[in-house]
Structures are given as C-alpha cells and as structure tokens.
Amino acid sequence: MSYVLIIGAKSDIAQAIAKKYAENNYDLYLAARQVNELNIFAKDLAIRSKQTVQCVELDILDTASHHTFYHALPEKPEGVITAVGYLGSQDLAQTDFKETHKIIDTNYTGVVSLLNIIAEDFEQRHSGFIVGISSVAGDRGRKSNYIYGSAKAALSAYLSGLRNRLYSSGVQVLTVKPGFVATKMTAGMALSPRLTAQPEAVANAIYKAQQKKNNVLYTKGLWKWIMLIIKHIPEGLFKKLSI
Amino acid sequence: MNLTSWGNYPLIENKAHPFTQVKDLEDILAHHEDLIPYGNGRSYGDSALSKHIIQVKPHNLFLDFNETTGQLHVQAGILLSEVLEVFVPRGWFLKITPGTKLITVGGAIASDVHGKNHHNAGCFSECVAFFNLMLPSGDIVTCSHTENTELFKATCGGMGLTGVILDASISLKRINSRYIKQTTIKTKNLKETFAAFERYQSEPYSVAWIDCLAKGKGLGKCLLMVGDFQADGDLNYHPKSNLNIPFNFPGFVLSKLTVKLFNWLYYGKVFKKISQQQVDIDTFFYPLDAIGHWNRIYGKKGFTQYQIILPKETSYEGLEAILSTISKSAKGSFLAVLKLYGKANNNYLSFPIEGYSLALDFKIEKGLFELLDQLDQRVIKYGGRIYLAKDARVSQAVFEQGYPQAETFRALRRQYQMHEKFNSLQSTRLGL
C-alpha cells in the first residue's frame, strides 16, 4: 500500500487530512515533535480505517536531522503533506528577533529543508505529490501578521518554483492557501463564520484538489476572490488601511 | 446557544463545557458545581440538563479492538452510529442497541438503554466489560460486573449522576448480513397482541407499533414486527442518507385528525395477517434516524415521551386501563411502541422489569401534564415505573414507588459527595 507522509501532524488541519487519506485507503506516517502524544490518535485512525498508521519523530527546526529522518522511513511515501505552521506573536516578533526567527524557521526554513530532500527522491522516481499548506497571509503583508505572512509568502514562492521544476518529472505540487480555519491556532479569535472553514472541510478540499492534480487551492473558495481584491488595492491606499 | 434535550422541553439557560482530554475535564470539575454529563442530546427530558453541562461527545476516539473476540474499547463520546459504520462491514454489530444509533456510548451506559432484544439479551450494561469513571474528587475508578460493583450498578442507568464515564469496553456480536428477515403480524386487539408476543418470544428481536387512538374492541391493535439477521454474507453497509425536518412545524400540523389518518394508513397498508419482508439494519433498528430533527414536527413548544413498564402479571389489565385513558383524551402521537421485556437486572435505576412497556410521544399542550399525572396513578396502581431517560415531569412520589432501590442510589451519591457536584433538573426534582 502507498504511504502519505504528514508533517506537523499535531495540527487540527493535519489530523483532518490524516482521517481523509486513511478513509481513502492510504497508509500514513504521522510526523511531529514528541510524536508519542499522537499514539492514541493514530490507533483510533488505524481501527477506523484498517490502514497502517505509523508515528515518526521529527523536529522541523532540526534541519540537520532531516536527511536521516526521511531515509529511515521503512517505505518511501507516495506523497507528502506539510501542515507545519507557527503563527507566533507579531507584537513580540517586532521587538524580539528570537520570535521572528522561530516564525521564519518553522514556517519556511524547516519546511524547505525537508522538501528539498523529498523533492530529490520524487524527481528521481518520477512520481509523487507534494502538498504544502501556506496561507492567504502570504498573499500580501499586513501590519497585524506580516512576519508570519512573509514566511508564508516565501513558502508560496518556493512551492511555485518547485512545481515548475518537478512538472517535467510528473511530480505534482499543490499550494494550499487556507483563510480562517477553526483550529487551536485560531481559538479565541473573533472570526466571521462565513469566512471560517472547519478543518474537515479544508481536508476534503485538499484531498479533492490533490487527486485532481490542481496547482493552487484557496479554502474556503471565497478567499480566492477576497485576496484578488486585496492584492490589487494600490499600495498608496493599502498602507493607510487597517485590515 | 443553550443545549436542549431531544424533546425541546424544558428549555433552560446553561453553559456547555466540552472536553477532549481528561485533564481538561479535571479542570471543569474543579471549577463548577451543578454539572451533568451530556452526550448527543438524545435523552428526551431533563436528565441531561443543568446549569453547567459537560459535553462528552468531543472525547471520541476508538482505543482498541480485538478482531477475534469483538471486544471494543472506546472513549465515551463515540456514537453508536460510528461503531456501526466501522464494524458492520467487518461483520460485527452492537449486542444491545436502542431505537436510535445517534447516542454516545457514555449515554447508552448512563441510561442503561435496551432494544428490541431485551427479552433475551437484557440492557446495555450486559455488553459492558468495564468502564472508567471520573468521580467528583477527580479520581478515576474502573468499574465492572466484578470490580467496584456498587459504582457499576449505580452508574448503569444512573443518568450521569455518579460522575463522568470516560471510556468503556463493550463486546460486539458477530453478524453475517446487513439484512434482517422480518415477520410482521397484524393483530386486532390487545388480547391478540399479547398472544402474538408470547408466540414469537423465541425470535431475537421484537417490537410492536400500536395505535393509541383505537377505541373499544380495536383497543390495543398493533403491528408486531419480529426478526433476526440473515446469513447471506452481504455486509456492504452504508448508512442511509437523511431527510431533514428543517424547522419546527406549526402546532396545528399534529392534530387528532392527522394522527388518526396516519395511524389508519400505517396500519392499513399491511393487508395480510402475517407477512414477511427483508429489511436492512437502518430500517429495522433505526427507522426514525432516517429523518433528521424529527422532533421538530412537534413544534417549538416541544414534546415529551411517556414510557412506562408494568409487571407481566398486571400488564394486560393495566395497559387496557392506560390505553383507554389515552384514547379518550385524544392526545397522543402517531405511533406508540409496545414490547414484552425480559428479566430485570440488579442496577439501582435501570428501567426494565419483566413485563410490557408502552412508549408514546405527546406534544406539550394544555392539559397534558394533568393527563400524565392520571396515567402515573394507574402505573403505580399496577406496580409499574416510568423511564427516566424519557422523563421531564414525573413527581418524586411516583418515581420512588416505581424504583425501590432509589434510597440505595442516594446513599451512594452521598458517600462519594456526588450530590454536591453532579445534578440535573431531573435529579433535583426527584430528590436524588
């Protein structure tokens, strides 16, 4: 059976994705830090789906370990989905570079380190899919979260280039740009219900887009149009706005 | 948004406290009084309503399954429907299931639910190997038929008043088909109905739909449905997609006339005295689950389900008296459910005793509670009791006459200070 590797498997979106892929008869590697905390979730998934679900320890910030991590997997995955994300605190990051560094390294550097290694493997095998969860926050920097947003912008650019590179090898790269999602990360924020997706809906949309070999996915779909407008607001006006 | 029970009556202000992790539950218990656990909100009355409600449904992982023995260990928020979706295709079914699959395992234990096979399989607690219970102190104890047996007997049927059931190990039974071979027996009156129940007692599953508005010599006429699983090896089970009642129906929709018409059509569509059908699991066990929010047909004032049981010796006389009172009142729902039960178990507040049980819905309207009080008196007179999982209004006196072990239950509540932490509207009304 073919495995899907899910990076950052503790997030709500990742867990919804894991369920979706297990339901569709994929075996899973769930990768996260202190992954033993996922044992009970993995067991539940295995009982429900009868698929093999393995937890594998991974520290996305420990880039030196990534090569060993990937090549130690008992069987190479057919696809990889990264749901790594660290929103951090914009206020803190503005004054404390350690926070800025952590935001950039978690959302960008760490993910790139791992995807570089996986891309090599997939390119040689001429197969596979890579799903990178970026964010609408990367489409235009705003004062409320531009450090997180800039890391996600870099990730979106990376995925775009990777897609371009791997096209000729038949490897699919899907960039996912979620808007608001009701998760632990956004708990406590006052989010408009019409613009907020449930993790299960995001997972369904990702599965469908990946199976159809799409390139870029906004979820909810409405965000595609919202971001189109936001991207086209003239900078002279945009800098005065509070959005 | 306040949580409600299935009957949409009574309505009270409450605050929901959901938990996924046990440590979150410890926190909830440490900071609130007047708590009551709440599963999927399918108990009809006020047994799961209180100022502070512990929502157990998010605590819903499968923990372990033994493919050989069919022993399944789950967190208490797992729905019976989830168990079926996962395990029917693998040839397993619930040993005991009530008439809805949309309840949690924790709720099934707390109400010690029963189903169409009560006469030979007993209550839900029969299939429970053990469960873990969080007490008011935050301590977690394992309870089973052999370990902490007092707590086990109080918790099964204890309406959530002993603590929070965290997880449970239940045994499933082997099946070899998603179909049930059903026999429908049409009877003309109560006497025939009773005779039919006796005659078909060896069938694993049985239940009767009875026309509560029928009077005189037609009193007690019913369609008795009995059956058992087929053995054709077809386990290709997919839950049926749902119809949904999108809003509360206006009060006049359910009138004496429409109910009569429905009952006439329902009873009349079966022509033969005895007929046979092949029906699937959802049709046989969970006919009402196919209609989402069917409780809305009773309108925004809500409804209550009145379910009573009488000992076998007094059942005939008692049911005759109760049914004629109901049919004279011209209240009462589309269909009432009648069933012959097997032996009672030892749990302090479990509902079933050996005898006949009657259940029917009443929409909340003027004069209803007076009628139910009258019926209560008949139930008491014939040595019966009412079902707490359905109840929103019974008096403490009537309850106590029906449940001789109520005092044992109270004593245990005091011993563990449960009465200081866990209370529902119902427990307060009944002085539990």
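Residues numbered from 1 in each chain as written. Chains lettered and ligands numbered in written order. Predicted model: local features only at pLDDT ≥ 70, side-chain atom pairs only at ≥ 80, totals over all residues. Heavy atoms only, no water.

Undergrad: Could you give an account of the interface of chain A and chain B, with specific residues and numbers?
TA: Taken together, the contact pairs 8 residues of chain A with 13 residues of chain B. When chain A packs against chain B, the two sides together hide about 850 Å² of surface, and 59% of this comes from carbon and sulfur. Where chain A packs against chain B, one counts 2 salt bridges. For the salt bridge of K43(A) with D64(B), the shortest nitrogen-to-oxygen distance reads 3.3 Å. At the boundary of chain A and chain B, one finds 6 residue pairs in polar contact (both at pLDDT 80 or more). (Contact = heavy atoms within 4.5 Å. Buried area = accessible area lost by both parts, 1.4 Å probe. Salt bridge = Lys/Arg side-chain N within 4 Å of Asp/Glu carboxyl O. Polar contact = N/O pair within 3.5 Å; in protein donor to acceptor, adjacent residues only side chain to side chain.)

Undergrad: Describe in detail the sheet that holds strand β19 (residues 385–386) of chain B, supporting the description with residues and values.
TA: All names here are of chain B. An order of β14-β10-β12-β11-β17-β18-β16-β19 is seen for the 8 strands of this open sheet, with the pairing classed as antiparallel. Every interior strand has two partners, whereas the edge strands, β14 (274–280) and β19, have only one. In this structure, strand β17 (residues 336–340) lies alongside strand β18 (residues 355–363), joined through 4 bridges in antiparallel fashion. Along β18, the bridge assignment pairs L340 with Y356. In the packing of helix α9 (residues 312–329) onto the sheet, the strands contacted are β11 (205–210), β16 (303–311), β17 and β18, and the crossing angle to β16 comes to about 150 degrees. Against the sheet, helix α10 (residues 368–381) contacts β16, β18 and β19, and its axis sits at roughly 10 degrees relative to β16. (Pairing = 2+ DSSP bridges. Helix = DSSP H or I, 4+ residues; strand = E, 2+ residues; numbered from the N terminus. Axes fitted to C-alpha atoms, helices over the stretch in contact; angles between N-to-C directions.)

Undergrad: Mind laying out the packing of helix α1 (residues 12–23) of chain A against helix α7 (residues 199–211) of chain A, listing which residues take part and the relevant values?
TA: Residues and elements named next belong to chain A. Look at α1 against α7: their axes get within 8 Å of each other, and the N-to-C directions meet at 55 degrees. As the angle between them shows, α1 and α7 are arranged oblique. In the crossing of α1 with α7, the sense of the turn from one axis to the other is right-handed. When α1 is examined against α7, the residues D12, I13, A16, I17, K20 and Y21 are found in contact with a partner set consisting of P199, E200, V202, A203, N204, I206, Y207, Q210 and Q211. Here the contact of α1 with α7 is composed, by residue class, of 9 nonpolar, 3 polar and 3 charged. (Parallel < 35°, antiparallel > 145°, perpendicular 65-115°, else oblique. Left-handed = near helix turned anticlockwise from the far one by under 90°. Nonpolar A, V, L, I, M, F, W, Y, C, P; charged D, E, K, R; others polar.)

Undergrad: So what's going on with the domain arrangement of chain B? Which residues, and what values?
TA: All names here are of chain B. Here chain B is partitioned into domain 1 (55–175 + 404–429) and domain 2 (179–399). On a C-alpha basis, the centres of domain 1 and domain 2 stand 24 Å from each other. With 43 residues of domain 1 at the contact, the number on the domain 2 side is 40 residues. Carbon and sulfur atoms supply 57% of the area that domain 1 and domain 2 bury against each other, a total of about 3,700 Å² over both sides. Of all residues in domain 1, the largest losses of buried area upon contact with domain 2 belong to K116, H119 and R429, amounting jointly to 22% of the total for that side. Between domain 1 and domain 2 we count 2 salt bridges in total. For K101, the salt bridge goes to D282, with nearest N and O atoms at 3.2 Å. (Domains from an automatic or database assignment.)

Undergrad: Outline the sheet that holds strand β5 (residues 129–133) of chain A, listing residues and values.
TA: All names here are of chain A. The strand order β3-β2-β1-β4-β5-β6-β9 describes an open sheet built from 7 strands, whose pairing is parallel. Of all strands in the sheet, those bounded by a partner on one side alone are β3 (53–57) and β9 (216–219). The mean inter-strand angle of the sheet, taken between neighbouring strand axes irrespective of direction, is 15 degrees. Pairing of strand β2 (residues 27–32) with β3, which is carried by 5 bridges, proceeds in the parallel orientation. Looking across to β3, one finds that L30 is bridged to C55. Across the face of the sheet, α7 comes into contact with β5, β6 (172–178) and β9 while running at roughly 155 degrees to β6.

Undergrad: Give a detailed account of the packing of aromatic side chains, specifying residues and quantitative values.
TA: Residue and element names in this part refer to chain B. Enumeration according to the criterion identifies 29 aromatic pairs over all chains in this entry. A centroid spacing of 6.1 Å and a plane angle of 80 degrees characterise the contact between Y205 and F284, whose relative ring orientation is edge-to-face. With a gap of 79 residues between them, Y205 in strand β11 and F284 in helix α8 (residues 281–285) connect regions that are remote in the sequence. The burial state of Y205 is the same as that of F284; both residues are buried. Measuring from centroid to centroid gives 6.3 Å for Y341 and F351, while their planes differ by 85 degrees, and the two rings are edge-to-face. Of this pair, Y341 sits in the loop between β17 and β18 while F351 is found in the loop between β17 and β18, placing the two residues 10 residues apart along the sequence. Classification of F351 as buried rests on a relative accessible area of 1%. (Phe/Tyr/Trp six-rings, centres within 6.5 Å; stacked < 30°, edge-to-face > 60°. Buried < 20%, exposed > 50% of the residue type's maximum accessible area, 1.4 Å probe, protein only.)

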